[in-house]
Amino acid sequence: MATETNATTTLALFCKVVDNYGDIGICWRLARQLQHEHGIAVTLWVDDLQTFQRICPDVDPDAARQQVAGVAVRHWAGQDGEFAPADIADIVIEFFGCDIPPGYIAAMAQCEPRPVWLNLEGLTAEEWVEGCHTLPSSHPRLPLTKHFFFPGFTAKTGGLLRESALESQRLAFQSDPAAMAAFLARFGVAPADMAALKVSLFCYPHAPVAELFGAWAQGSEPVLCLVPAGVAADAVRAFLGAEPAAGAARSSGALTVRVLPFVPQQDYDKLLWACDLNFVRGEDSVVRAQWAGKPFVWHIYPQDENLHHKKLGAFLQRYSAPMEEGGRALDAFSLRWNGALPPGADSGPDAAADWRALWPSLQAVMPAAASRAAEWQQQMFAHGDLATNLLRFAASLK
């Protein structure tokens with residue numbers, strides 16, 4: 001095997017759930033792929049099993065230990081605990097710099113040979129990542145070295161998470177209109193709705209959803225907005241005039257909003273594949289939107305001092321700049337969606353009017369956005385997939 005691993009290789013992945021579904025979403029996809037495609041014996045340590053269950057219904061939120069889809073899942077209940085060298089995996093991954101238990105680290109130092117220790121970092125398009133990817137960091141007291149591993153958008157990073165069969169599954173699904181219609185029918189989407197512009201909406205609570213709903217409702221083309229229960233709850237409730245429970249729906253003007261149940265990861269992929277435009281948030285869903293090959297708008301995870309605006313700008317520079325006029329429309333919409341504007345510019349009496357102008361501008365360049373999405377996908381394919389790249393790097397350290 002190219003990654004020089006085998007079925008006896010063990011791997012521990014530590015995940016603290018901070019961004020609701022993004023952290024566990026990434027770690028669960030990675031854990032499954034490492035086990036299913038590479039034969040790695042994976043133990044996934046998670047501190048929030050309730051959130052985990054929402055994207056994987058097979059998870060028992062009350063179990064300290066369980067086996068799910070071939071992956072050993074442990075409830076990471078705290079930093080206490082005694083560990084022996086026999087408990088330590090060959091590869092240890094901490095996701096996004098979470099502090100793994102001190103007892104586990106102490107036992108790592110007693111192993112011979114030492115385990116490969118990686119910090120799987122967050123996704124960003126900023127140029128500095130290329131210089132930090134795979135850099136070592138020595139433990140201040142113990143004979144251990146941790147290496148940073150960055151996902152990213154260039155050949156000098158770890159690439160993006162992608163299962164080996166994902167593209168063939170997508171193409172088969174999207175080439176079968178009956179399958180797409182049957183999938184959406186599970187959520188109450190009628191055949192008459194299929195002609196509308198189908199939009200999936202996944203965003204943080206502070207997104208200007210009410211203003212966008214207003215622009216859609218007053219638009220010239222029908223829009224079907226599919227939103228998971230619990231997302232943008234205040235704006236959806238106001239539009240519906242009722243609680244935004246799964247199955248609720250209402251039409252006003254050109255807009256129909258339909259609330260979906262929170263679906264497992266595999267069905268979320270199908271939702272992205274079935275829609276014409278996807279609003280996604282955080283890291284996990286934005287990566288899946290890129291593999292969907294459809295136009296998307298990213299609601300980036302907010303950071304102190306608006307550091308996320310810099311990350312958004314770096315991504316747009318890579319992604320939308322080649323689109324020229326279409327890119328400018330996508331940039332303007334994306335920046336406004338993320339509040340990356342001077343103070344007060346995204347509120348007040350002119351905000352609704354601004355959205356009524358921004359939406360038609362984006363809608364007009366949708367063909368160019370679709371072409372760019374397909375082109376970008378091919379660029380990302382060239383960098384390989386993150387799981388394989390990670391294992392290859394780990395093998396080089398042994």
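Note that this is a predicted model, so its numbers are computed, not measured.

## Description of helix α3 (residues 102–110)
Consideration 1: Restricting attention to buried positions, one finds in α3 the residues Gly 103, Tyr 104, Ile 105, Ala 107, Met 108 and Ala 109.
Consideration 2: Those residues of α3 hidden inside the fold are in contact with β1 (10–15), β5 (91–95) and β6 (116–120).

## Overview of the pattern of salt bridges
Side-chain pairing between opposite charges can occur once the charged atoms of the two side chains come close.
Consideration 1: By the definition in use, this model includes 13 salt bridges.
Consideration 2: A salt bridge links Arg 237 to Glu 243, with the shortest nitrogen-to-oxygen separation between them at 3.0 Å.
Consideration 3: Under the relative-accessibility criterion, Arg 237 is labelled partly exposed at 29%.
Consideration 4: A salt bridge links Asp 354 to Arg 336, with the shortest nitrogen-to-oxygen separation between them at 2.6 Å. Here the residue Asp 354 occupies a position in helix α13 (residues 351–364), and Arg 336 occupies one in helix α12 (residues 325–337), the gap between them amounting to 18 residues.
Consideration 5: Among the ionic contacts, a cluster of salt bridges with common partners joins Arg 29, Glu 163, Asp 269, Asp 284 and Arg 288.

## Brief notes about the pairing of strand β4 (residues 71–75)
Consideration 1: As paired strands, strand β2 (residues 41–46) and β4 are joined by four bridges and run parallel to one another. When the bridges of β4 are listed, Trp 45 appears paired with Arg 74.
Consideration 2: By the bridge criterion, four bridges tie strand β3 (residues 65–68) to β4 in an arrangement that is antiparallel. The partner of Gln 66 across the bridge, within β4, is Val 73.
Consideration 3: Between β3 and β4, which follow one another and run antiparallel, lie two residues, and Ala 69 among them has a positive phi close to 50°.

## Remarks on the environment of His 75
Consideration 1: Positionally, His 75 belongs in strand β4.
Consideration 2: Setting aside anything within four residues of it in sequence, one finds His 75 in contact with Val 46, Asp 47, Leu 49, Ala 63 and Ala 64.

Rules and cut-offs
Residues numbered from 1 in each chain as written. Predicted model: local features only at pLDDT ≥ 70, side-chain atom pairs only at ≥ 80, totals over all residues. Heavy atoms only, no water. Buried < 20%, exposed > 50% of the residue type's maximum accessible area, 1.4 Å probe, protein only. Helix = DSSP H or I, 4+ residues; strand = E, 2+ residues; numbered from the N terminus. Contact = heavy atoms within 4.5 Å. Salt bridge = Lys/Arg side-chain N within 4 Å of Asp/Glu carboxyl O. Pairing = 2+ DSSP bridges.

Interpretation in functional terms is not warranted from these geometric data alone.
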